[in-house]
Protein chains: 2
Amino acid sequence: MTDEKLLAALTPQARNEPDSGIVKAAMYGFTVPGIIPLWSGEGNQPTPEAFARPAAEALLNGETFYTWQRGIPELRDALARYHTRNFGRSFEPENFFVTSGGMHAIQTIVQMITSDGDEIVLPTPAWPNYAGALRISGAKPVEVPMNFANGKWTLDLDRLFDAVTERTRAIALNSPSNPVGWTATRDELVAVRDFCRRRGIWIFADEVYTRFYYGDNGETRAPSFLDICEDEEQLLLANTFSKNWAMTGWRVGWLQAPKALGPAIERIVQVSSSGTPAFLQRGCVAALDHGDAFIERQVLMARHRRDLTVLMLKELPGLQFEVPQGAFYLFFGIDGMTDSAATVRRLIDEAKVGFAPGSTFGAGGEGHLRMCYLKDLGPLEEALGRFVDWMRRHGPV
Amino acid sequence: MTDEKLLAALTPQARNEPDSGIVKAAMYGFTVPGIIPLWSGEGNQPTPEAFARPAAEALLNGETFYTWQRGIPELRDALARYHTRNFGRSFEPENFFVTSGGMHAIQTIVQMITSDGDEIVLPTPAWPNYAGALRISGAKPVEVPMNFANGKWTLDLDRLFDAVTERTRAIALNSPSNPVGWTATRDELVAVRDFCRRRGIWIFADEVYTRFYYGDNGETRAPSFLDICEDEEQLLLANTFSKNWAMTGWRVGWLQAPKALGPAIERIVQVSSSGTPAFLQRGCVAALDHGDAFIERQVLMARHRRDLTVLMLKELPGLQFEVPQGAFYLFFGIDGMTDSAATVRRLIDEAKVGFAPGSTFGAGGEGHLRMCYLKDLGPLEEALGRFVDWMRRHGPV
């Protein structure tokens, strides 16, 4: 059978969904000798042994059977403890549901609250996987571009709320934001909460980078919906072990939701992942209970790498960016660049440095590149040096 | 906010999807002291150390970063080798896609070939997760009940084909079947293949239990679509490491599909699991390359347990079943039983033995119970003894 006929037998959304520009960049550059990859959202550090060993031991000790669809009780307890410690109020294990990564948490949210044709409103530039998960499931991402002016990203809340229609089931907010680092103030969160309450729609929050927040007053996290919402209201939070604890490759995350949704979440988990390996969850318990110092060091390193990156790039002509308030990306505009994917390929080939193209992050993303700066010092300095040289030689492209 | 209002804000399919009767039985009976659980589809053996150790080592050695969305090349190579060895022809790595469990492979198939309102035809009794995955994604399972007469399950192919409409995207066939053990003959597979080719619809095959086949002629696997189909036709196979290699808790499986679908599969994986942990895949390579003797022993044990179960139950009045040709379940009817879920609860409470209710397996399932017999000898004999005693005391219920 020809490839054309086989592809024609897929659904239009499966056939036509664009590739993630991040994955495309990685596939293009992966095998280039000497490449320094900054395209993915992960640091250079492997998972600390203190988190890995309990998982390895549970695996070798035969904890290899089907497990709780909501997560092992010990991990749900540990999630409640972690949040109680970090959010200054008490949390209950019954509001936490373990997922097979943050992406799986997002997919579970999409499957719970959207039917075919339903809409979710989200500010862009945004991580492309939100829109992808929505389109694949038949729902519609409604993008509201943020404003970038005078070196600053802002979100026009009126514009965000105006995008809400009768078909809107949620506003999705990622703060601190991947890729731009924008972080909602408490007042902005309150405005979103109040609007969603009035309209009876869900808040779909991704606070994955909340610990990677570079406030000026020693804050250890960004403002959060958890500061201002009830546990039992229309709030769904996707989160992950990937970033805080250097566990991207583990594929374990969690979903925070009203208790009443437990059976619905359990059923969706059953027909998607059928649960997350129990032995991996043992490592996650260790990460939550013994990982605070590791997170502090990671965030301190991220802040240093951010400052270094800004220092090395701020004098470069034709570059526009805001010093990010959170997350661990620099999202920078290049004057005159109209095809970020082509620039990414040229940078891979000619400078051996790997960025992600802004175009993949939705409306308002083209004209920019994203780099992850949570990297070892040597490779980061080398990559930035290569980029600066390339820009000086080629000028804005 | 009240639970009622929160649930009303979910989609109808998320709100109304029934719980899996298997999960419900497990949740009901899990904490009952002394219970012998036979409700799940897994053996008593933990994963052999030979498969677990390479995974544990890769985890401890820091193979903890994002990985290939299609699976690590070494595992795709090993899958091709395993199939080449067991199916008497050559297979290519490019037709294998690693998934986070067999369920994730099934979900990926559903997302690739069904839009809202599309139909998939499947014989029942069937594993409830097919119908669940379809309904949650907005598609429609069309059940075609098999016939159980004279102690034998048969599938009326004309009836199966008659259920195909303009909205049908695939025929889903699980052979050997969970729960009834029915195994399609080569002729039946050819008939399904030819019908699907004529109609231009997909074959959606679940051959997870193919090695658990109790043929009379020393066969080491059941007849397979892989014997009679091209690699590049409308055939999608879901499979898993769970059963053959005692790895239910790992959540690793694979999808076998035409090469042309690679990019579409990669995109769906990206927005569902974002890949399967690379370190776990190292253990799967070991299982494929060094697991043949383990599978042989497992299948020999399953055959013995099947025969023992049949021996202990065959004289019990009011019980109806076929000696299963494959998989590792006994699916038996009890004369006069009209509420299998209620009987399951009574058996948990009164006999301390845990079955799954037939009603959860779709049309034709009520009136039956399912038990997994791939268990250690002692607990299996004890459980069967308890059940026989209970039946003798209570008679058919």
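Scroll up for the structure.
A short tour of the structure in this document, coming up. What you are looking at is a predicted structure, and each value in this text was computed from that prediction instead of being measured. (Residues numbered from 1 in each chain as written. Chains lettered and ligands numbered in written order. Predicted model: local features only at pLDDT ≥ 70, side-chain atom pairs only at ≥ 80, totals over all residues. Heavy atoms only, no water.)

1. Comments concerning the pattern of salt bridges
Thinking step 1. Evaluated as defined, the whole model comprises 42 salt bridges over all chains.
Thinking step 2. We note a salt bridge from B:Arg282 to B:Glu63, for which the minimum N-O separation is 2.7 Å. Highlighted residues: B:Arg282 in helix H12 (residues 278-290) and B:Glu63 in the loop between helix H4 (49-60) and helix H5 (73-87), separated in sequence by 219 residues.
Thinking step 3. For B:Glu63, a relative accessible area of 25% corresponds to the partly exposed category.
Thinking step 4. The salt bridge partner of B:Asp194 is B:Arg193, with a shortest N-O separation of 3.0 Å.
Thinking step 5. Residue classification places B:Asp194 among the partly exposed residues on the basis of a relative accessible area of 28%.
Thinking step 6. If you follow the salt bridges from partner to partner, you end up with A:Glu63, A:Glu74 and A:Arg282 in one network. (Salt bridge = Lys/Arg side-chain N within 4 Å of Asp/Glu carboxyl O. Helix = DSSP H or I, 4+ residues; strand = E, 2+ residues; numbered from the N terminus. Buried < 20%, exposed > 50% of the residue type's maximum accessible area, 1.4 Å probe, protein only.)

2. Some details on the side chain of A:Thr99
Residues and elements named next belong to chain A.
Thinking step 1. Topologically, Thr99 is positioned in strand E2 (residues 96-99).
Thinking step 2. A residue is classified by how much of its surface remains accessible, and Thr99, at 1% relative accessible area, is buried.
Thinking step 3. At a separation of 2.8 Å, a polar atom in the side chain of Thr99 contacts the main-chain carbonyl oxygen of Gly101.
Thinking step 4. Among the polar contacts listed, one links the side chain of Thr99 to the backbone nitrogen of Trp254, at a separation of 3.3 Å.
Thinking step 5. If near-sequence neighbours (up to four positions away) are discounted, Thr99 is found in contact with His104, Ala105, Arg251, Val252, Gly253, Trp254, Leu255 and Thr276. (Polar contact = N/O pair within 3.5 Å; in protein donor to acceptor, adjacent residues only side chain to side chain. Contact = heavy atoms within 4.5 Å.)

3. Some details on the packing of helix H3 (residues 21-29) of chain A against helix H14 (residues 340-351) of chain A
Residues and elements named next belong to chain A.
Thinking step 1. In contact at an axis separation of 10 Å, H3 and H14 are set at 25° when each is read in the N-to-C sense. By the angle between their directions, the pair H3 and H14 is classed as roughly parallel. Considering only the axes of H3 and H14, their crossing is right-handed. For the pair H3 and H14, contact is made by Ala25, Tyr28 and Gly29 and by Val344, Arg345, Ile348 and Asp349, respectively.
Thinking step 2. Its residues assigned to classes, the contact of H3 with H14 comprises four nonpolar, one polar and two charged. (Axes fitted to C-alpha atoms, helices over the stretch in contact; angles between N-to-C directions. Parallel < 35°, antiparallel > 145°, perpendicular 65-115°, else oblique. Left-handed = near helix turned anticlockwise from the far one by under 90°. Nonpolar A, V, L, I, M, F, W, Y, C, P; charged D, E, K, R; others polar.)

4. Digging into the sheet that holds strand E12 (residues 329-334) of chain B
The pairing of strands in a sheet happens through backbone hydrogen bonds and is either parallel or antiparallel.
Residue and element names in this part refer to chain B.
Thinking step 1. Read from one edge to the other, the open sheet built from four strands follows the order E11-E12-E15-E14, with strand pairing classed as antiparallel. Strands at the two margins of the open sheet, each flanked by one partner only, are strand E11 (319-320) and strand E14 (356-357).
Thinking step 2. Bridging between E12 and strand E15 (residues 368-372) involves five bridges; their strand directions are antiparallel. From the neighbouring strand, Phe331 faces E15, where its bridge partner is Arg370. (Pairing = 2+ DSSP bridges.)

5. So, the relation of the copies chain A and chain B
The relation between the two chain copies is a rotation about an axis coupled with a shift along that axis.
Thinking step 1. The two copies are related by a screw motion: chain A maps onto chain B through a turn of 180° and a shift of 0.0 Å along the axis, at an RMSD of 0.0 Å. Expressed as a symmetry operation, the mapping of one chain copy onto the other fits a two-fold axis. Distance from the rotation axis, computed per C-alpha, reaches its smallest value in chain A at A:Ala56: 2.4 Å.
Thinking step 2. A high fraction, 99%, of the interface residues of chain A reappear at the interface in chain B, so the copies pair face to face through one surface. (Least-squares fit on C-alpha atoms with pLDDT ≥ 70 in both.)

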